[in-house]
Amino acid sequence: MKEPDDQDRDGGRSRSVGKQSSRSDSKQAPEDTTDDLYTDEEESYVDDDFDLEDMGQSTTSFQEFLQMTRLSQEHPAEIKEEAEENVKKKISESFFYNYEELASTPYVTPESTIPLDFLTLQHSFGYDCKKRANLQLLDSSTLLYIAGNQLVLLDFKTKEQMYLQSSSGQGIGAIGVHPDKTYFTVAEKGSFPKIIIYEYPSLRPYRILRDGTEKAYAYVDFNSEGTLLASVGSHPDYTITIWNWMEEQPTLRTKAFSQDVFKVTFNPEDDEQLTTSGSGHIKFWEMAFTFTGLKLQGSLGRFGKTTTSDIEGYTELPDGKVLSGSEWGNLLLWEGSLIKVELCRTGMKSCHQGPINQIMLDEGEVITAGSDGCVRIWDFETIDTADIIDDTGLLEIEPINELQVDKNVNLFSMIKMNEIGNNFWLAQDASGAIWKLDLSFSNITQDPECLFSFHSGAIESLAVSPLTYLMATTALDCSVRIYDFASKTPLVQMKFKQGGTSLTWVPTTVSFSAAEIIIGFQDGVVRILEIYDPKGVTLFAGRKKILDAELHLKHVFKPHTAEVTALAYDRDGEILATGSKDKTVFFFDVEKDYKPIGYFNTPGPVCQLMWSPASHPENTLMTICENGYVLECLSPTINDVDDEEVVSYEIHDMTLRCFHFSSIKSKILRWMEIERRAKQKELKEKEKEARRRRLAEEREASGEEVLLEEEEEEKEEEEEEEPLPEIFIPPTPSPILWGFYSGPGKFWVSLGNYDSGFLYHCQFPPLCPGSNFQKQEDEPFDFRLLEDTEDNPIQIFTFSSNQTMMFCGMRNGAIRVYVLNQDDSSLTSLQDYWHFNVHDNNYGCVKGIVVSFDDQYLLTAGADGNIFVFNISSQFIAEKKAKAKVPSPRFGIESEPIPEDIEDPKAYSIENARRKREYDKLMKEVEEIKAMKREQIKALRNEYWKLLAMNKELPVHMQFQRKDFNIDATIHAEINKKTILKIQEVEKELAWEKQKYELGLKKLQNRFHDPLESDTVVVYAIQSDHQIASYRLVKPSKYSKLKRPSQAERRASKMERFEKEGPVRKESQKDAGGAVSLQEESLIEKGKKFRPRTLSEIMVENQVEKTRKLIQKAERAQLRILQRKKEWDELYKSKPDDDYEDPKDVQAIREAQTFMGDFNLKTASDYKIPEHMRINAAKKEEELGHLDTMAHGKKRYMNKCILSLRDLKLAVIEEIQCLVQELKTIQSSIPTSKHLPIPQIPQIYPEEVPERRFQYDEETLLRFKRKQKKRQDDATDSKQAGSGSAGSGGLGFLKLSSGKEGEITTRDSLSRSSKASALITELPKSSEFEKAEPSDVELEIMKREEVKHLYIQQYLCNRIKELMVTFDAELHLLRHRKLKLDTKMKLSDLHHVTLFQEMLLLKNFEKQENILQERVNSLDKEEQDMQWKINETLKEMEEKKIEITKLQEQEKALYAGFQSALGENNKFANFLMKVLKKKIKRAKKKEVEGDADEDEESEESSEEESSLESDEDASGSEDDVFDDSICPNNCDPNLFELALQLREKRLDIEEALVEEKKIVDNLKKEYDTFSKKVKVVATNLNAAEEALEAYQREKQQRLNELLVVIPLKLHQIEYVVFGEVPTDLSGTLVFSNHSLGRLQERIIQLQEENAKQQKVNRECRERRKMLIREKREMAKTIHKMEETVHDLMISKFGRVIDLEALQTLSVNTTLEELKIKKLRKELSNAKELRMWEEKIAQLRWELMTKTKEHTRKLHQMNDLCIEKKKLDSRLNTLQNQQGNAFQGPRKADTVARQKVTELVQTQAEKILALKEEIALLRKKGGLILPPITSTQEKEMKSMDA
């Protein structure tokens, strides 16, 4: 046995020493520490009186509490400061408990020398398979389950076990595993049991939860995050508790229900919701904050019309609904607290046959496991959207997949194994097994594998071999199992029809090799099995696997009618005794193959048989009965009596001694009470005597008065004694549990019920013949008190081989070992004992306890299904064998016949069979007497008939009348009258039956006959056994008539349309993209200025020119550098990447993928279904209809041919009849010696004319009745009788025999026989002179006539033969054609089945496919509409751009014309140009212009306008006063008028340009909007197409799973293994000849291409080597040049410099530009200054308004905060203190307060910024800073970005 601390004993202890220093070493220390963890108001968690059922739903979410819990774990320092008043102490995350202090240890009586490790658990062979959720998975190979008081960790790969002991020693209630598999929880049983959470894999106790229930836990479950734990208790409190297990604190607690609760689980999607289920109920829970704090609110599920059911399995769906099972196997879908719908299978069949024990939701599928051994997979969407469709409340669905694990399997729970790529599950089988299931449901799905097999339920008996380490067990699960407990290996098991109830190992006196075991069963049968090693048996062909041991049925007999409870061999091994609950004990002679000796009856059911040991003088049998009787008898005498002479096996002269136990427990208790009181009284006397002495010494000082006072006090102290316990005899005798001999006539017994707590020593009374056992009452003469067995009696006990140790099995599953003295039969040393709880304390009663033959092992078996093997501690222990030795087989055991087993539970027992034989013998004698009487009556009847015959022979006048023979005439009249009445009654009784059968016949005709288009017609050949049958053709199916309109053909995919459009669309998109970017060109060059320049202007111009030259020089150098960089970049870009692929190769690969054949299998995961191969239900129906129509047409044509052949046969038969008649006529004139045999006329069989099948008459009915009777009488001749009757029946209704009807011929037959009839001449009439001799002429004429007749005879025979041969030839040809057609029809039928299955499957997919297809079509249509709108927008934009270009050309032409009109050297040119370019405000037109923002954007987008404006501003800056309304002196007025006119045109053109640009901008926005929408629609369309493609792939996968039959001939199979066709062709592929030829041709092409590509590859490799050499040389050259440049720089500049920076070095262009712009900006700044002053005034007014408004709101907010604070204080005072640890400040309030504070701060910052800005604007030339943005605005901008 491995201790859990072994793997981390030292490290774990050393780490936990410091943490455990604050705790004491006692077990109470952890409890005291964890008590400090509760909050001050701990009792607020439990409030059962609060009405949770009627409580309304709270709007406060429990997520706040969860968040607080997480914060408390993540930030302990902060939480400690905030919740210092609520939480007293917190457990460290690294703290662990000490397992050795927690684990329960054996109890040893004080001052005894028995070591604590007296028994050490070595192995567990059992499994409590009927315990709920008793199978958990810790990792990929470790299982966790409960075995009594132990927790077993089983490595199912290595079969190794580890054990954890319960802390309470009273059993384990439930187990659970953390979602992360890092912890597991053990919920125990006992008084206020604990929940211990262990860390895995260290197996150290991590947390202990206390006071969660009163007696035991029923179920535990972690939430999905593993932060909370839910537990539910069992009887009596049924408390549900939610734990914060990391802190060992209960969060919530309430009573779950008033009946058994099976299960409690969290909702995986919402930790605030839980579900409980149990006996007759299901309950839904929610966590919510109420007026009194955090509460659990439960809503009981209401079954409504549905029958109330126990709920074993359920699961929570993501949307809050719950899916549960039921007792009758249907699924119940709960919504709220009501049943939304009940789900069943098609045809109202239940989802499972029996209760559904577990429901799981895994990967979008619902998995159910039922007690019928089936695992079924259901579609989640179907269940989630299920709803009722009628008043029944039932909805029929079908599972997607199902798995039948095995026969007699009861799946109780399942758990998934976390294996990547596999879908394996482990299943707990309540029938006694652990299964590994593969739920992948693919082609490689593994069959269910039974990992471990155990007994199911209580183990009834246990025995060990007297020679080796073999153990045998049996149970009510009908199995017998053999184990090698030394090597911890189960060897073999054997199944029977009934359960085993008793078992013992046959002693070595009977079987010297100890190879036999004897088992008693429930039905009273006793079987003897022989165990042997099969390796020593001769192997036979076909034997697959050789086990380590095998069982052989050697003997079987049935001595009892009820279950066999006891088996015992006598000390010599000569007699076997069997006891049963049928109150009998049977004896068998072992040496004579267990020949029955006899039996005797007992006064009660037998529970134990025990033969006296060899030390006793007599060989006696002690029989212990359950009702308190103990019998003793001598060994029966074996008499050699013939078995046939035995009438009954009952032994009447059996001498029995009886002990009828009478209860003496009350007397013992009374005597013990007297002894106790006597001792107590003696102690009091001693105390009084000591007190008197003390008082006598004090009397001298105190005087007499003190003495008197003390004596009065002593009298007051004396109290009246309580009455002694009364003598009590229980009305119902206590059952005797076990007993054993202590000496001749003496025995010890252990009793239950009232008399438990003692061992009673009894003695048989003297033998009194004729005494009544019922009235006898006997008392034990001695007893032994057993500690702590008042309610826990000893159920069974056994002794070691030297009788020094008594091993006891207790009722509560504990083991107790008493150490005795040598030869202590009186049990005087029964004091010191070792006691340990092993099996389950509630239902783990020890049913068997035995010691191995060498006293090294102790084996126990309990009613909880567990089998434990213990090592017995001993100082003389020998070295143990590693493996038991299985007995070798007997010689010839493999050929020895197996006796016939008794499988019928109603079979007769030995005694009943004997009595039945006697009864049958008696009945046979009676029947013989009856037969003699019948013979006498028959003789009298014959004599009576003889008298009648004699009377008839007499003369008439002497004959007696018939009525004279009647003794009484009224008898005959009465008989006749009764006969008539009976006939009428029968007619009346059969009237309803007659009508019923008539209606039934009509229905059958409507169902089977009327739909037939043609019935089966069988045409038989005439001269052979060949036949041909037509097709039984029904009317065409609905598929051949119905043509359902299919869905619209799918539009071309997006990629296909893209490929069709090709480069045209790309070019159009490229042009459109180019059109979107507007071309920005200057409108006109600046005109030259002819006015005289000032000095400052000249200096500015000179400075500008100088700066411009320097800048140009630097720019040219920069351009050269950029040009070089660009060239280098282009060069580097042209360099191919490491993964570069030649575009030609890429194009070739793409063409190969597009145009070459793709032979991907349809089963491939990446298989894409081509458009033309996609199929739906409508197309499949059309295909099915086409197949039906084609098959129907071919069958109908063949039927016509067969009917024509049948008509031909009828015509041939008619013609043959005519020819035969003519042949008979001819033969009448030919000598008999020259007659040819007349051919037999063919007959018409009933199968050839089935239309006459329903034509019948009375003769046909009578013939049918005779035929039926003949079949019943003689079954062996039924076939011959049937054929004969069939033939006669055919002749009966066809009437084709010779006669008048046979002379009727048709015209065809007469025409065909005309030649023969023409040759026939009339026969010569008989001559009047018959006796005259013919002359020579007449003889000659007669010879000629004879020759002629002989020819005609031969011709007729040949003609008949020709007709027959011709008809048979026609039939053979047509039969050959039909055989070919049959082959095709069978193939079409197979194809029809496949198509029908595909159609059904496609119909299931049709609805969803139509939805997906409609979505794809709608999105495609929407995308096309959007694309059309985009194209239209692009066209409009192109047109508008052309118009803008035209307007710009007009403007340029206008300026050019005006410039030409001015001429050269015009001094007013500058003025006139200013007049032309001046902007003036014109009256607005009716049309509303665009927004100001749009105007500004359109103005900014034009460089020409900005340049013109800058020129105008510059010109305006020169002349502050400019008047364009007056023509200057000496200026040409025509030019002035022309300038004004052209200005108006210019303004019109500019307005048109602005308008067009607005339109272009709007079109741009529309284009952008449409582009975004197109992208969204395209994304959705791609997603929809992918969903449709995935659905098509799924549909194809489901179609691939259908089986398709393809008949192949041997020459078509090219897949051979070692030259032979393999038996399994499941892994082969089927190709057509064309496809196979293409593949073979492609192989040759690929080989040629491969050789060509290898050649190219070699050339490229050579080229690559050459380029690498050149690259290496160039690198060397570059390195040399770099060194040269470096040396030159050092020699010239003294250091390495950047030449590019040196070349681009120029003046500070920014400073120069700023200086130049300074003058130009002064005028514009003045204008802007005026504008800003106006704005400042406006902003001041707005600032004042906003300040007032914000001040008012701040006051309001202050008032609201004060009021809120008051309300919070009042609410805190009104509420109780429940849930203080979790209430605290609400997160929403804190967030809102922070937001308001930030808003106030932001507004204050804005106010300060505005004030500063105003102050700056007031100052002339002040610098204006950008507005200050708040942090909140920055966050909003970042979020928008």
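Our structure is the block above this text.
Here's a quick rundown of the structure.

Conventions used here
- Residues numbered from 1 in each chain as written.
- Predicted model: local features only at pLDDT ≥ 70, side-chain atom pairs only at ≥ 80, totals over all residues.
- Heavy atoms only, no water.
- Helix = DSSP H or I, 4+ residues; strand = E, 2+ residues; numbered from the N terminus.
- Buried < 20%, exposed > 50% of the residue type's maximum accessible area, 1.4 Å probe, protein only.
- Contact = heavy atoms within 4.5 Å.
- Areas by Shrake-Rupley, 256 points an atom, 1.4 Å probe, with all protein chains shown as cover.
- Pairing = 2+ DSSP bridges.
- Axes fitted to C-alpha atoms, helices over the stretch in contact; angles between N-to-C directions.
- Parallel < 35°, antiparallel > 145°, perpendicular 65-115°, else oblique.
- Left-handed = near helix turned anticlockwise from the far one by under 90°.
- Nonpolar A, V, L, I, M, F, W, Y, C, P; charged D, E, K, R; others polar.
- Phe/Tyr/Trp six-rings, centres within 6.5 Å; stacked < 30°, edge-to-face > 60°.
- Lys NZ or Arg CZ within 6 Å of the ring centre and 35° of its normal.
- Salt bridge = Lys/Arg side-chain N within 4 Å of Asp/Glu carboxyl O.
- Patch = residues over 30% accessible without salt bridge, like charges linked within 9 Å, V, L, I, M, F, W, Y side chains within 5 Å.
- Lys, Arg positive; Asp, Glu negative; His and termini not counted.
- Charge placed at Lys NZ, Arg CZ, Asp CG, Glu CD.

## Section: the overall build of the chain
For the chain, the count of helices and strands is 31 helices and 62 strands. Counting only residues that meet the buried cut, the chain has 39% of its 1841 residues in that class. Within the chain, contacts between residues separated by at least 24 positions form 62% of all contacts whose residues are at least 6 apart in sequence. Approximately 111,000 Å² of the chain is accessible, and the part contributed by carbon and sulfur atoms is 53%.

## As for the sheet that holds strand S49 (residues 746-751)
The strand order across the open sheet formed by four strands is S48-S49-S50-S51, and the pairing between neighbours is antiparallel. Pairing within the sheet leaves two strands with one partner each, and these edge strands are strand S48 (736-743) and strand S51 (782-785). Direction aside, neighbouring strands of the sheet carry axes that sit 25° apart on average. In this sheet, strand S50 (residues 758-763) lies alongside S49 in antiparallel orientation, the contact comprising five bridges. Across the sheet, the residue bridging to Trp 748 is His 761, located in S50.

## Quick notes on the sheet that holds strand S9 (residues 195-199)
Here four strands make up an open sheet; going across it, the order is S7-S8-S9-S10 and the pairing antiparallel. Edge strands, defined here as strands with exactly one partner in the open sheet, are strand S7 (172-177) and strand S10 (204-209). Between one strand and the next, the sheet's axes are offset by a mean angle of 20°, whatever the strand orientation. Of the pairings in the sheet, the one linking S9 to S10 comprises five bridges and is antiparallel in character. Residue pairing in the sheet places Ile 195 in a bridge with Leu 209 of S10.

## Brief notes about the packing of helix H22 (residues 1336-1462) against helix H23 (residues 1469-1477)
Where H22 contacts H23, the axes come no closer than 11 Å and their chain directions differ by 155°. Taken together, the axes of H22 and H23 are roughly antiparallel relative to one another. Handedness of the crossing formed by H22 with H23: right-handed. Residues Leu 1454, Tyr 1455, Phe 1458, Gln 1459 and Leu 1462 of H22 form the contact with H23, whose participating residues are Ala 1469, Leu 1472, Met 1473, Leu 1476 and Lys 1477. Taken together, the residues of the contact of H22 with H23 break down into eight nonpolar, one polar and one charged.

## Structural notes on the packing of aromatic side chains
Evaluation of the coordinates by the stated rule reveals 45 aromatic pairs. Aromatic side chains Phe 586 and Tyr 599 sit 5.4 Å apart centroid to centroid with 25° between the ring planes, which places their arrangement in the stacked category. Remark: Tyr 599 occurs in strand S43 (residues 595-601) and Phe 586 occurs in strand S42 (residues 584-589); sequence separation between them is 13 residues. Residue classification places Phe 586 among the buried residues on the basis of a relative accessible area of 1%. A network of ring pairs unites the aromatic residues Phe 659, Phe 661, Trp 671, Phe 747, Phe 758, Tyr 760, Phe 764 and Phe 783 as a single cluster. The ring of Tyr 206 is capped by Arg 207, whose NZ or CZ atom sits 4.0 Å from the centre of that ring. Against the face of Tyr 754 rests Lys 665, its NZ or CZ located 5.2 Å from the ring centre.

## With respect to unusual backbone geometry
The bulk of non-glycine residues show a negative phi, and the bulk of peptide bonds are trans. Cis geometry is adopted by the peptide bond preceding Pro 201, which originates at Tyr 200 and carries an omega value of 10°. As for its position among the elements, Pro 201 is in the loop between S9 and S10. A positive phi angle is found at Leu 203, which is not glycine, with a value near 60°. With respect to the helices, strands and loops of the structure, Leu 203 is situated in the loop between S9 and S10.

## Things to note about the pattern of salt bridges
All told, the structure shown has 54 salt bridges when counted by the stated rule. The salt bridge involving Arg 1196 is made with Glu 1013; its shortest N-O contact spans 3.9 Å. A residue pair is termed long-range when its members are at least 10 positions apart, and Arg 1196 in helix H17 (residues 1177-1227) and Glu 1013 in strand S59 (residues 1012-1014) qualify at 183 residues. Using a relative accessible area of 38% as the deciding quantity, one classes Arg 1196 as partly exposed. A salt bridge links Lys 1764 to Asp 1768; the shortest N-O distance between them is 2.8 Å. A residue pair is termed a helical-turn pair when its members lie 3 or 4 positions apart in one helix, as Lys 1764 and Asp 1768 do in helix H29 (residues 1709-1774) at four residues.

## What about a nonpolar patch on the surface?
Together, Leu 1610, Tyr 1615, Val 1616, Val 1617, Phe 1618, Val 1621 and Leu 1625 make up a nonpolar patch on the protein surface, roughly 710 Å² of accessible area in all. Looking at the secondary structure, you find Leu 1625 in the loop between helix H26 (1533-1600) and helix H27 (1633-1693).

## Some words on the packing of H23 against H26
One can describe the packing of H23 onto H26 by two numbers: an axis separation of 8 Å at closest approach and a directional angle of 30°. Judged by the inter-axis angle, H23 sits roughly parallel to H26. Between H23 and H26 lies a crossing of right-handed hand. Along its contact with H23, which presents Phe 1471, Leu 1472, Val 1475, Leu 1476 and Lys 1477, the element H26 presents Leu 1535, Phe 1536, Ala 1539, Leu 1540, Leu 1542, Arg 1543 and Arg 1546.

## Topic: the pairing of S49
With five of its six residues buried, S49 lies for the most part within the structure. By the bridge criterion, six bridges tie S48 to S49 in an arrangement that is antiparallel. Across the sheet, the residue bridging to Trp 738 is Ser 750, located in S49. Between the end of S48 and the start of S49, which pair antiparallel, lie two residues, with Gly 745 showing a positive phi angle near 80°.

## Observations regarding a negative patch on the surface
A contiguous patch of negative charge on the surface is contributed by Asp 1137, Asp 1139, Glu 1141, Asp 1142 and Asp 1145. Relative to the elements of secondary structure, Asp 1139 occurs in the loop between helix H15 (1095-1134) and helix H16 (1143-1155). Here Asp 1139 falls in the exposed class, since its relative accessible area comes to 62%.

## Describing the pairing of strand S24 (residues 365-370)
The buried fraction of S24 is high, at five of six residues. As paired strands, strand S23 (residues 356-362) and S24 are joined by six bridges and run antiparallel to one another. Bridge pairing in S24 links Asp 362 to Glu 365. Hairpin connection from S23 to S24: two residues lie between these consecutive antiparallel strands, with Glu 363 at a positive phi of about 55°. The sheet contact formed by S24 and strand S25 (residues 374-379) spans five bridges and is antiparallel. Considered in S25, the bridge of Ala 369 is made with Val 375.

## Concerning a positive patch on the surface
Among the surface-exposed residues, Arg 1661, Arg 1664, Lys 1665, Arg 1669, Arg 1672, Lys 1676 and Lys 1680 lie close enough to one another that they form a single positively charged patch. As for its placement among the helices and strands, Lys 1665 is situated in helix H27. Take Lys 1665: its relative accessible area is 48%, and that puts it in the partly exposed class.

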